[in-house]
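Close look at the chain arrangement
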Amino acid sequence: MDGDFRTEFVREPAALRQHPALVLNADYRPLSYYPLSLWPWQDAVKAAWLDRVDIVAEYDVWVRSPSTEIRIPSVVVLKDYVKPQKRVAFTRFNLFLRDEFQCQYCGGRGDLTFDHVVPRASGGITSWQNVVAACSPCNLRKGSKSLRRANMSLRKPPRAPGAEELRNMGRKFPPNHLHESWIDYLYWDAELQA
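None of the values given here were measured: they were computed from a predicted structure. (Residues numbered from 1 in each chain as written. Predicted model: local features only at pLDDT ≥ 70, side-chain atom pairs only at ≥ 80, totals over all residues. Heavy atoms only, no water.)

Examining the overall build of the protein
Assigned secondary structure in the protein consists of 7 helices and 6 strands. Secondary structure elements of the protein occur, N-terminal to C-terminal, as α-β-β-α-β-β-α-β-β-α-α-α-α. The buried share of the protein, taken over its 194 residues, is 39%. Of the contacts formed within the protein by residues at least 6 apart in sequence, a portion of 61% connects residues at least 24 apart. Of the roughly 12,600 Å² of accessible surface on the protein, a fraction of 52% belongs to carbon and sulfur atoms. (Helix = DSSP H or I, 4+ residues; strand = E, 2+ residues; numbered from the N terminus. Buried < 20%, exposed > 50% of the residue type's maximum accessible area, 1.4 Å probe, protein only. Contact = heavy atoms within 4.5 Å. Areas by Shrake-Rupley, 256 points an atom, 1.4 Å probe, with all protein chains shown as cover.)

Comments concerning the confidence of the model for the protein
In regions of low pLDDT, the predicted coordinates are not meant to be interpreted in detail. Summarising the model, the protein shows a mean pLDDT of 85, and 85% of its residues fall at 70 or more. Mean pLDDT in the protein bottoms out at helix α1 (residues 5–9), which sits at 39, and peaks at strand β6 (residues 131–135), which reaches 96. (pLDDT = per-residue confidence, 0-100.)

What about the nonpolar core?
L97, F101, C103, Y105, C138 and M152 are the most contacted members of the largest nonpolar core, which totals 23 residues. When contributions to this core are tallied by element, the ones reaching two or more residues are α3 (92–98), β6, α5 (147–150) and α6 (163–170). The biggest single contributor to this core is β6, with 5 residues. By size, the runner-up hydrophobic cluster in this structure holds 15 residues, among which are L22, L36, V63 and Y185. (Core = buried A, V, L, I, M, F, W, Y, C linked by side-chain atoms within 4.5 Å.)

Focus on α6
Buried residues of α6: A163, L166, M169 and G170, and no others. In an axial view of α6, the angular spread of the buried residues amounts to 125 degrees, which keeps them on one side of the axis. Summarising the contacts, the buried residues of α6 are in contact with α3. (Arc of directions from axis to C-beta.)

Notes on the pattern of salt bridges
For the structure on display, the rule yields 11 salt bridges. In this structure, the salt-bridge partner of E58 is R71, at a minimum N-O distance of 3.5 Å. Separated by 13 residues along the polypeptide, E58 in strand β3 (residues 53–64) and R71 in strand β4 (residues 69–78) bring together distant segments of the chain. One salt bridge in this structure joins K142 and D115, with 3.4 Å as the shortest N-O distance. Placement of K142 in helix α4 (residues 136–142) and of D115 in strand β5 (residues 112–116) is noted, with a sequence separation of 27 residues between them. (Salt bridge = Lys/Arg side-chain N within 4 Å of Asp/Glu carboxyl O.)

Things to note about the sheet that holds strand β2 (residues 38–39)
Taking strand neighbours across the sheet as the criterion, the 4 strands line up as β2-β1-β4-β3 in an open arrangement whose pairing is mixed. Two strands lie at the open edges of the sheet, namely β2 and β3, each paired on one side alone. (Pairing = 2+ DSSP bridges.)

Right under this line is the structure:
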């Protein structure tokens, strides 16, 4: 045999890989907005089988075993409430999310890096209050100079975001694909059509 035996004997139709399930907490809110809390269909089916989730919506696609048929879940709700984290981890991704994926000097959206407002060479530390998202040209222009010396200003002062604030910020950046069964659970504050 030339290839890996698993790829030759395991049949997984490509279409079934494209049916993720939106995972909601017990209060019917997504566990996270950005990245959106999604499970592969296999995990959603397994959780439903183990009675850990309730299925709220389903795709029009079935999976079958010799003894069982089940529609693939598109929205599942955890039976046990998962308490959201209060503390926000200081990560590059969360920093970019806090700054809405925009350079805090020029407002540009491309080629983002991060910049120390008070340069490390001048004693600046790596913290929420001293690091901002910056595009490469602005970061190079500022270099290890102070804002005054570089003749630059910030669009908004850097600060530590709250967990709820960051979750709400994530709602502004939906993924490329949103299944219609997810919309009611993602945008509670959307304007209703009459």
